[in-house]
2 protein chains.
Amino acid sequence: MRADAKKNYDQLLAVARAVVAEQGADASLRDVARRAGVGLGTLYRHFPTREALLEALLRTNFDALAQRADELERSDDSGSALVTWLREAVATTHNCSGAIALMVAAISDEGSALHASCVSLRAAGTRLLVRAQTKGAARSDMDGNDLFALISALAWLADQPPLVPRADHLFEIISSAILVKV
Amino acid sequence: MRADAKKNYDQLLAVARAVVAEQGADASLRDVARRAGVGLGTLYRHFPTREALLEALLRTNFDALAQRADELERSDDSGSALVTWLREAVATTHNCSGAIALMVAAISDEGSALHASCVSLRAAGTRLLVRAQTKGAARSDMDGNDLFALISALAWLADQPPLVPRADHLFEIISSAILVKV
DNA sequence: ACCTGAACACCGTTCAAGT
DNA sequence: ACCTGAACACCGTTCAAGT
């Protein structure tokens, strides 16, 4: 990558991080380019889709979550390891307001720039879920897809301003459903 | 209302019902006016906000849900009455794709045209929940707001195409959390 | 009273023209 | 190679002008 191109790329990413934190995942891309002092076409070549931009912004977080799952997989209590990871996954996913709907769409769209991240998120959760199920700590009638769906539902809830005060409590209710054996 | 005004109103409502069913709650209002053969300003005067239009479209459904709660309140099994109503509430709310986020926003916004409908939905659910709690069929650590949030989460899940096949199963998981006693 | 549609200020996306 | 910004086709919302 040419030096000027790299500079634009970095600048776009930094500005996008701020704008998305401010306005959510559906922020104006025009606004991002404007604030970055870059032509609109430049943004589109570096990030051909909104998903590509979000993927670049969120990759670090996804990687951290996968690594966190590895650590937690070695803990004694498989049930609370699962719930702990779940809580962190919801928090991470929630941190970019509005991104969760795109992520859900991406899991069944191999062409999406977010696809790989979603698959690895689901895989990390599946590992912890299966272990908890094997040890009898989690209900046996669900799989990684269900877990991914419940994470997305909780992240969505935490994204709705009127529900924010109840988000923790709703997490308790739903996670209790996972831990209860069938 | 003048006869021509009433005709426009009815025509707008009929077209909006079709367009919203097709494109979801964020459908183009311009498109609605166009297809209704009516000026854009006419749509805006009859329905000053998107919420007002949706409210007109959904009022019947909300009324039916409230009435259904009355019926179910007289059934023997307070727990399954609650779950049955919950299932119907999710289905009703889901039927207008994308409306659920607006409804959640409306519950804490008295100025919204959807506010009253949301409050009555919550009230209907609360009646069934409290009865089930009194009889020991539902967990005691939640209230009508939590129930409303869970309905909205389930409706949101059912709105995401990749999750549709799992929607029923996710309903079972979450409703089991409500019925389990604490 | 009621209706219309132009006007304004925004989008996302593409692509010819520049350096 | 890379960048720019005009161009196109859309929005939501308002409001002067018409009947």
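Only a predicted model underlies this, so the values are computations on that prediction, with no experimental measurement involved.

## What about the protein's contact with DNA strand D?
In the vicinity of DNA strand D there are 22 residues, among which A:Asn8, A:Gly39, A:Thr42, B:Arg30 and B:Arg50 approach most closely. The sugar and phosphate moieties of DNA strand D supply 62% of its atoms located within 4 Å of the protein. Within the side chain of A:Arg2, an N or O atom sits 3.2 Å from a base nitrogen of DNA strand D. Listed by contribution, the elements that provide at least two residues to the surface near DNA strand D are helix H1 (3-23) and helix H3 (40-46) of chain A together with helix H2 (29-36) and helix H3 (40-46) of chain B. Top contributing element to the surface near DNA strand D by residue count: H3(A), with five residues.

## Some remarks on the domain arrangement of chain A
Residue and element names in this part refer to chain A. For chain A, the assigned domains are domain 1 (1-48) and domain 2 (49-178). One C-alpha centre belongs to domain 1, the other to domain 2; they are set 27 Å apart. Contact with domain 1, which involves 12 residues of that partner, is made by 11 residues of domain 2. Summing both sides of the interface, domain 1 and domain 2 together bury roughly 1100 Å²; the carbon and sulfur share of this comes to 69%. Remark: the boundary between domain 1 and domain 2 carries zero salt bridges. Along the contact surface separating domain 1 from domain 2 lie five residue pairs in polar contact (both at pLDDT 80 or more). If you tally residues by element for the side of domain 1 that touches domain 2, the top one is H1, at five residues. Looking at the side of domain 1 that touches domain 2 residue by residue, the class counts come to nine nonpolar, one polar and two charged.

## Observations regarding the side chain of A:Ser112
Residue and element names in this part refer to chain A. Looking at where Ser112 falls in the secondary structure, it is placed in the loop between helix H6 (99-107) and helix H7 (115-134). The exposure class assigned to Ser112 is buried, which follows from its relative accessible area of 12%. Discounting chain neighbours no more than four positions away, the residues touching Ser112 are Glu51 and Ala106.

## Considering the protein's contact with DNA strand C
Residues in close proximity to DNA strand C total 22 residues, the closest being A:Arg30, A:Arg50, B:Asn8, B:Gly39 and B:Thr42. A breakdown of the atoms of DNA strand C within 4 Å of the protein gives sugar and phosphate a share of 60%. Separating a sugar or linking oxygen of DNA strand C from a side-chain N or O atom of A:Ser28 is a distance of 3.1 Å. Ranked by the residues each element gives to the surface near DNA strand C, the list is headed by H3(B), at five residues. In terms of residue class, the surface near DNA strand C is made up of eight nonpolar, seven polar and seven charged.

## With respect to the side chain of A:Arg139
Residues and elements named next belong to chain A. Within the element layout of this structure, Arg139 appears in the loop between H7 and helix H8 (144-159). Assessed through its relative accessible area of 6%, Arg139 is described here as buried. Within the structure, the side chain of Arg139 is placed 2.7 Å from the side chain of Asp141, a separation counted as a polar contact.

## A short note on the relation of the copies chain A and chain B
When chain A is fitted to chain B, the residual RMSD is 0.0 Å, and the transformation amounts to a turn of 180° plus an axial shift of 0.0 Å. Such a combination of turn and shift is consistent with a two-fold rotation axis. Every residue of chain A has its C-alpha some distance from the rotation axis, and the shortest such distance is that of A:Ala177, at 2.4 Å. Here 100% of the interface residues in chain A have copies in chain B that are interface residues too; the copies meet face to matching face.

Here is what the cut-offs are and how they apply
- Along each chain, the written sequence defines residue order, and numbers are assigned to residues from 1.
- Whichever chain is written first becomes A and whichever ligand is written first becomes 1, with later ones labelled in order.
- Totals for whole chains, interfaces and linings use all residues, but because this is a predicted model, local features are given only for residues with pLDDT of at least 70 and pairs of side-chain atoms are given and counted only at 80 or more.
- Side-chain numbers here rest on the full set of heavy atoms in the structure, without hydrogens or water.
- One heavy atom within 4 Å of a molecule or strand is enough for the residue carrying it to be called near that molecule or strand.
- Pairing of N or O atoms within 3.5 Å defines a polar contact, subject to two protein rules: one partner must be a possible hydrogen donor and the other a possible acceptor, and residues neighboring in sequence count only if both atoms are side-chain atoms.
- Helix and strand assignments come from DSSP, with helices taken as H or I runs of at least 4 residues and strands as E runs of at least 2, each series counted from the N terminus.
- Domain extents, as shown, originate in an automatic or database domain assignment.
- Between two residues, a contact is recorded if the distance between any of their heavy atoms is within 4.5 Å.
- In short, buried area is how much 1.4 Å probe accessible area vanishes from two parts on joining, totalled over both.
- Within this document, salt bridges are pairs made up of a side-chain nitrogen of Lys or Arg and a carboxyl oxygen of Asp or Glu, the two lying within 4 Å of each other.
- Each residue receives one of three labels: charged for Asp, Glu, Lys and Arg, nonpolar for Ala, Val, Leu, Ile, Met, Phe, Trp, Tyr, Cys and Pro, and polar for the others, Gly being one of them.
- Type-normalised accessible area, obtained with a 1.4 Å probe on protein chains alone, sets the label of each residue: buried when under 20%, exposed when over 50%, and partly exposed for intermediate values.
- When the copies are superposed, the least-squares fit draws on C-alpha atoms of residues that have pLDDT of at least 70 in both.

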